[in-house]
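# Chains, contacts and geometry: an overview
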Amino acid sequence: FRTKSALGHGQFGEVHKGKWKSSNGEREVAIKVLDPTKSHHDDKVKFLQEAAIMAQFKHPNVILLYGIVTEGGPVCILLCVYITIAPLAFSCNSFS
């Protein structure tokens, strides 16, 4: 995988737009990267617990988790499908 632009940040780190190459081809993904300053064991555990919870969901209205990377680069990365949507205010106004 490779990261591109930052999309936002949260409690555990930043989310980036990126590309992920697999045996099925290349996909645009959202990549959630654990902040290096959150290197305490408890932070990593919470981050991985979040990934484990995400992995349990299999529903068309829930973002699919592709995988978790814990070695060989930035610590603890989640790969999720990347979707482009309009801002919520725009979406709500278009239906009124």
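### Considering the environment of His 16
Position of His 16 among the secondary structure elements: in strand β2 (residues 13-22). Along the chain, His 16 and Thr 3 lie 13 residues apart, while their C-alpha atoms are 6.1 Å from each other. The contact partners of His 16, leaving out residues within four places of it in the chain, are Thr 3, Lys 4, Ser 5, Ala 6, Leu 7, Val 29, Ala 30, Ile 31 and Val 33. Within the structure, the side chain of His 16 is placed 3.1 Å from the side chain of Glu 14, a separation counted as a polar contact.

### Structural notes on the packing of aromatic side chains
For the structure shown, the criterion picks out two aromatic pairs. Here the aromatic rings of Phe 12 and Phe 47 are separated by 5.9 Å at their centres, their planes lie at 75°, and the arrangement is edge-to-face. Here Phe 12, found in the loop between β1 (2-9) and β2, pairs with Phe 47, found in helix α1 (residues 41-56); they are 35 residues apart in sequence, far enough to count as distant. Using a relative accessible area of 0% as the deciding quantity, one classes Phe 47 as buried.

### Comments concerning the side chain of Lys 19
With respect to the secondary-structure elements, Lys 19 resides in strand β2. With residues up to four places along the chain from it excluded, the contact list for Lys 19 reads Phe 1, Arg 2, Lys 4, Glu 26, Arg 27, Glu 28 and Val 29.

### Let's talk about the pairing of β1
In the sheet, β1 pairs with β2 via five bridges, with the strands oriented antiparallel. Within the sheet, the bridge partner assigned to His 9 lies in β2 and is Glu 14. Hairpin geometry of β1 and β2 is characterised by an intervening segment of three residues between the two adjacent antiparallel strands.

Conventions we followed
Residues take numbers from 1 onward in each chain, read along the sequence in its written order. Totals for whole chains, interfaces and linings use all residues, but because this is a predicted model, local features are given only for residues with pLDDT of at least 70 and pairs of side-chain atoms are given and counted only at 80 or more. Excluding hydrogens and water, the side-chain figures rest on all heavy atoms present in the structure. Each helix is a run of DSSP H or I of at least 4 residues and each strand a run of E of at least 2, with the numbering of both proceeding from the N terminus. The contact criterion used throughout is that any non-hydrogen atoms of two residues lie within 4.5 Å. Definition of a polar contact: a pair of N or O atoms within 3.5 Å, with one able to donate and the other able to accept a hydrogen when the atoms are protein atoms, and with sequence-neighbouring residues admitted only if both atoms are side-chain atoms. Side-chain rings of Phe, Tyr and Trp (the six-membered ring for Trp) are treated as a pair once their centres are within 6.5 Å; stacked means planes under 30 degrees apart, edge-to-face means over 60, and tilted covers the remaining angles. Exposure classes here rest on a 1.4 Å probe applied to the protein chains alone. A residue is buried below 20% of its type maximum, exposed above 50%, and partly exposed in between. When DSSP locates at least two bridges between a pair of strands, those strands are taken to pair.

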